[in-house]
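# Coordinate analysis (summary)
Here's the letter readout for the chains.
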Amino acid sequence: MNDEDLKELFEHEDWDDNEFIEIEKQIRRGINRRIYTRVIAVVLIISIIVSAGYFGTSYGLNLVNYNPEDETGLVIPDEGINGFNMMTGLYLSMYYPGIIYYGIDYSGQGFGKYEIDAKIQSAFSNLYVDGISSATLSINRSSLHIDSYYDHLLSRVVGEYHDESIADIYDYVTDYDLVDIEELPESAIIDVSLSFMNTLSARDAIEFVKKYDDSTFVWLATSIDDSNQIAYGIAEGISLYDGVRYDLSEAVSKDYPGIYLDYDYTASDVLESYLSRIKLLLDHKDFLNVINSFFSNENINDNAIKRYEDLSARYDDVLENGISCIGVRGYVKKQDLLTMIDSNELYGMYINDVKLSALQR
């Protein structure tokens with residue numbers, strides 16, 4: 001409607017121009033107000049729809065994918081992701097000798113994504129509880145990725161242990177010079193992977209460990225029977241030391257007895273601990289599938305299924321036949337190591353690191 005139309009509409013009245021202009025302004029303001037109201041209403045409706053879609057999608061993805069907060073009822077206090085952190089520590093201890101895992105911080109990102117800041121380090125180094133992380137675990141829609149701030153933190157030496165039953169399949173790596181060991185100071189501590197002359201029972205392996213009181217042993221290497229690892233000679237194993245321990249719930253302590261070893265452990269304690277750890281992981285298949293997704297070199301789903309089946313088969317084998325040990329990882333005093341060599345107890349060794357004294361930081 002233009003000005004002429006308005007004048008024609010009100011031509012029967014005696015309007016002056018100022019009055020006409022004021023009425024026109026009022027009408028236009030009314031029209032604009034209605035337009036603005038409708039625009040705002042449409043914008044609000046669209047915003048609500050978009051927000052509902054955004055948060056609804058996030059909620060849906062959180063619901064159908066793995067959530068580390070769901071691992072409840074495992075530890076005391078039962079809050080946050082303590083249960084997830086506990087099982088992650090147990091898992092890593094089976095595949096990585098002397099590894100300490102300590103969860104620090106956690107955040108949910110939405111859309112099935114979570115981040116956990118943690119320390120992952122060798123037990124040969126001091127653990128500082130200072131809130132500073134060395135790795136970030138990112139879970140994105142049930143798939144795990146680990147970013148480490150240190151090179152080779154989660155890596156293994158190919159052929160680290162000699163397994164007499166499959167020795168012809170891979171090359172065993174021995175790495176030491178006796179002269180170099182003899183030239184070390186008497187206070188030296190050697191982080192070393194020791195291969196037994198022959199495969200030992202758990203009882204004989206623990207008897208070997210207990211002979212050397214001045215040294216600390218953190219991991220028993222078991223026979224290599226996983227088809228994924230035979231070609232590379234990468235052993236799995238049993239943790240003898242846990243740098244981080246959780247207060248387990250009554251239910252976990254009952255269903256999975258002896259998970260953590262006491263200082264004066266026996267061979268039967270080691271067997272009980274090993275079986276309990278495997279059983280706990282097998283009973284939390286969703287967790288196992290997520291953690292396995294990081295270590296899969298093939299199709300994630302197929303590889304996760306195979307790893308679950310391999311772990312289940314290992315549980316049945318150990319339950320029936322006991323533990324077969326091919327070696328041990330330890331922080332060994334110089335004289336203890338020389339004694340082992342002189343007594344012909346070892347097939348070989350791989351030296352990982354050396355401290356000149358227990359006081360070295």
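First, a word on scope: everything that follows refers to the structure included in this document. The shown structure was predicted, so the numbers you read here are calculated from the model rather than taken from an experiment. Counting of residues starts from 1 at the beginning of each chain's written sequence and follows it residue by residue. Per-residue local features are limited, in this predicted model, to residues with pLDDT of at least 70; the limit for side-chain atom pairs, both in listing and counting, is 80 or more; totals at the level of whole chains, interfaces and linings are taken over all residues. Water and hydrogen atoms were dropped before computing side-chain values, which therefore reflect all heavy atoms in the structure.

## Examining the side chain of glutamine 121
Only DSSP runs of H or I with at least four residues qualify as helices, and only runs of E with at least two residues qualify as strands; both kinds are numbered from the N terminus onward. Take glutamine 121: it is sitting in strand S3 (residues 113–122). A distance of 3.2 Å separates a polar side-chain atom of glutamine 121 from the backbone oxygen of serine 125. What qualifies as a polar contact is a pair of N or O atoms within 3.5 Å, subject to a donor-acceptor requirement within protein and to the restriction that residues adjacent in sequence count only when both atoms come from side chains. Only 3.1 Å separates the side chain of glutamine 121 from the backbone oxygen of asparagine 126, close enough to count as a polar contact. Residue contacts are defined here by distance: any two heavy atoms, one from each residue, within 4.5 Å place the two residues in contact. The contact partners of glutamine 121, leaving out residues within four places of it in the chain, are Gly98, Ile99, Ile100, Asn126, Leu127 and Leu153.

## Quick notes on the nonpolar core
Buried residues of nine kinds, namely Ala, Val, Leu, Ile, Met, Phe, Trp, Tyr and Cys, make up a nonpolar core once their side-chain atoms join them within 4.5 Å. Burial status follows relative accessibility: with a 1.4 Å probe on protein chains alone, a residue under 20% of its type maximum counts as buried, one over 50% as exposed, and anything between as partly exposed. Ranked by internal contacts, the top residues of the largest apolar core, which has 91 residues, are Met86, Leu194, Phe208 and Phe217. If near-sequence neighbours (up to four positions away) are discounted, leucine 194 is found in contact with Tyr161, Phe208, Phe217, Ile326, Gly327, Val328, Val332, Leu337, Met340, Leu346, Gly348 and Met349.

## Describing the packing of aromatic side chains
Stacked, edge-to-face and tilted labels apply to pairs of Phe, Tyr and Trp rings (six-membered ring for Trp) whose centres lie within 6.5 Å, assigned for plane angles under 30 degrees, over 60, and everything in between, in that order. According to the stated counting rule, one finds 10 aromatic pairs in the structure shown. Measuring from ring centre to ring centre gives 5.6 Å for tyrosine 172 and tyrosine 347, while their planes differ by 65°; the resulting arrangement is edge-to-face. Here tyrosine 347 lies in strand S11 (residues 346–355) and tyrosine 172 lies in the loop between strand S5 (143–148) and helix H4 (178–182), a separation of 175 residues in the sequence. Accessibility expressed as a relative area gives 43% for tyrosine 347, which makes it partly exposed. Each ring, one from phenylalanine 208 and one from phenylalanine 217, has its centre 6.3 Å from the other, and the planes form 65°; the classification is edge-to-face.

## A closer look at helix H3 (residues 82–95)
To estimate how far a helix should extend, the number of its residues minus one is multiplied by 1.5 Å. An ideal rise of 1.5 Å per residue puts 20 Å on 14 residues; H3 measures up with 21 Å between its terminal C-alpha atoms. Counting buried positions along H3 yields 13 of 14 residues, so the element is predominantly enclosed.

## Focus: the sheet that holds S5
By the convention used here, strands pair only if DSSP detects at least 2 bridges between them. The sheet built from 4 strands is open, its strands ordered S2-S3-S4-S5 with antiparallel pairing. Of all strands in the sheet, those bounded by a partner on one side alone are strand S2 (99–110) and S5. Along the sheet, successive strands turn relative to each other by an average axial angle of 20°, direction set aside. Pairing of S2 with S3, which is carried by 10 bridges, proceeds in the antiparallel orientation. Considered in S3, the bridge of tyrosine 101 is made with isoleucine 120. Note on geometry: axes are lines fitted to C-alpha atoms, helical ones only across the stretch in contact, with angles between N-to-C directions running from 0 to 180 degrees. Its contacts with the sheet place H3 against S2, S3 and strand S4 (135–140), and it is angled at close to 135° to S2. Contacting S4 and S5, helix H9 (residues 285–294) runs over the sheet at an angle of about 50° to S5.

## Focus: the pairing of S4
With 5 of 6 residues buried, S4 is to be regarded as a mostly interior element. Pairing geometry for S3 and S4, over 6 bridges, is antiparallel. Paired with alanine 118 across the strands is alanine 135, a residue of S4. Note that S4 and S5 share 6 bridges and pair antiparallel. If you follow threonine 136 over to S5, its bridge partner there is aspartate 147. Counting the residues in the hairpin turn of S4 and S5 gives 2 residues, including arginine 141, whose phi is positive at 50°.

## Regarding empty space enclosed by the protein
To locate leftover empty space, one rolls a probe as large as a water molecule over the atoms. Within this scheme a cavity is a closed region of a 1 Å grid, computed over the protein atoms alone, that accommodates a 1.4 Å probe without allowing it to escape, whereas a pocket is open but has protein on both sides within 12 Å along at least five of seven lines; lining residues each have an atom within 4 Å of a point. Grid points are joined across faces, edges and corners, and a volume is the space filled by probe spheres set on the points. Summed over all chains, the structure comprises 1 cavity of 30 Å³ or more. By volume, the largest cavity amounts to about 120 Å³. Taken together, 15 residues make up the lining of the largest cavity; nearest its centre are Gly89, Leu90, Tyr101, Asp242 and Val244. Within the residue set of the lining of the largest cavity, elements represented by two or more residues are H3 and S2. Top element by residues in the lining of the largest cavity is H3. It accounts for 5 residues. Classification used: nonpolar for Ala, Val, Leu, Ile, Met, Phe, Trp, Tyr, Cys and Pro, charged for Asp, Glu, Lys and Arg, polar for all others including Gly. Tallied by class, the residues present in the lining of the largest cavity amount to 9 nonpolar, 5 polar and 1 charged.

## Some words on unusual backbone geometry
With an omega dihedral of 0°, the bond running from isoleucine 76 to proline 77 counts as a cis peptide bond. Along the chain, proline 77 turns up in the loop between strand S1 (75–76) and H3. Backbone geometry places arginine 141, a non-glycine residue, at a positive phi of 50°. Relative to the helices and strands, arginine 141 is located in the loop between S4 and S5.

## Looking at the side chain of serine 193
Tracing the backbone through its elements, the reader meets serine 193 in strand S6 (residues 189–201). Of the polar contacts made by the side chain of serine 193, one reaches the side chain of asparagine 352; its length is 3.2 Å. If near-sequence neighbours (up to four positions away) are discounted, serine 193 is found in contact with Glu160, Tyr161, Val328, Arg329, Gly348, Met349, Tyr350 and Asn352.

## So, a nonpolar patch on the surface
Put simply, a patch holds well-exposed residues, over 30% relative accessible area, that have no salt bridge, with like charges counted together within 9 Å and Val, Leu, Ile, Met, Phe, Trp or Tyr side chains within 5 Å. Shrake-Rupley sampling with a 1.4 Å probe provides the accessible areas, and residues are treated as covered by the protein chains on show and by no other component. Salt bridge, as applied in this entry: a Lys or Arg side-chain nitrogen positioned within 4 Å of an Asp or Glu carboxyl oxygen. A cluster of nonpolar residues, Ile31, Ile35, Tyr36, Val39, Ile40, Val43 and Leu44, forms a patch on the protein surface that exposes about 680 Å² of accessible area. Inspection of the secondary structure puts isoleucine 35 in helix H2 (residues 17–64). On the accessibility criterion, isoleucine 35 (44% relative accessible area) is partly exposed.

## A look at the packing of H3 against helix H8 (residues 267–282)
A pair of packed helices is characterised by two quantities: the angle between their axes and the separation of those axes. Following both chains from N to C, one finds H3 and H8 inclined at 120°, their axes separated by 10 Å at the closest point. As judged from the angle between their axes, H3 and H8 are oblique. In this structure, the crossing between H3 and H8 has a hand that is left-handed. Mapping the contact onto sequence places Met86, Met87, Leu90, Tyr91, Ser93 and Met94 in H3 and Tyr274, Arg277, Ile278, Leu280 and Leu281 in H8. Residues belonging to the contact of H3 with H8 are distributed by class as follows: 9 nonpolar, 1 polar and 1 charged. Small angles under 35 degrees read as roughly parallel and large ones over 145 as roughly antiparallel, with 65 to 115 read as roughly perpendicular and the rest as oblique. Note on convention: near helix rotated counterclockwise from far helix by under a right angle means a left-handed crossing. Clockwise means right-handed.

Honestly, that's just the spatial picture; any functional story needs more than this.
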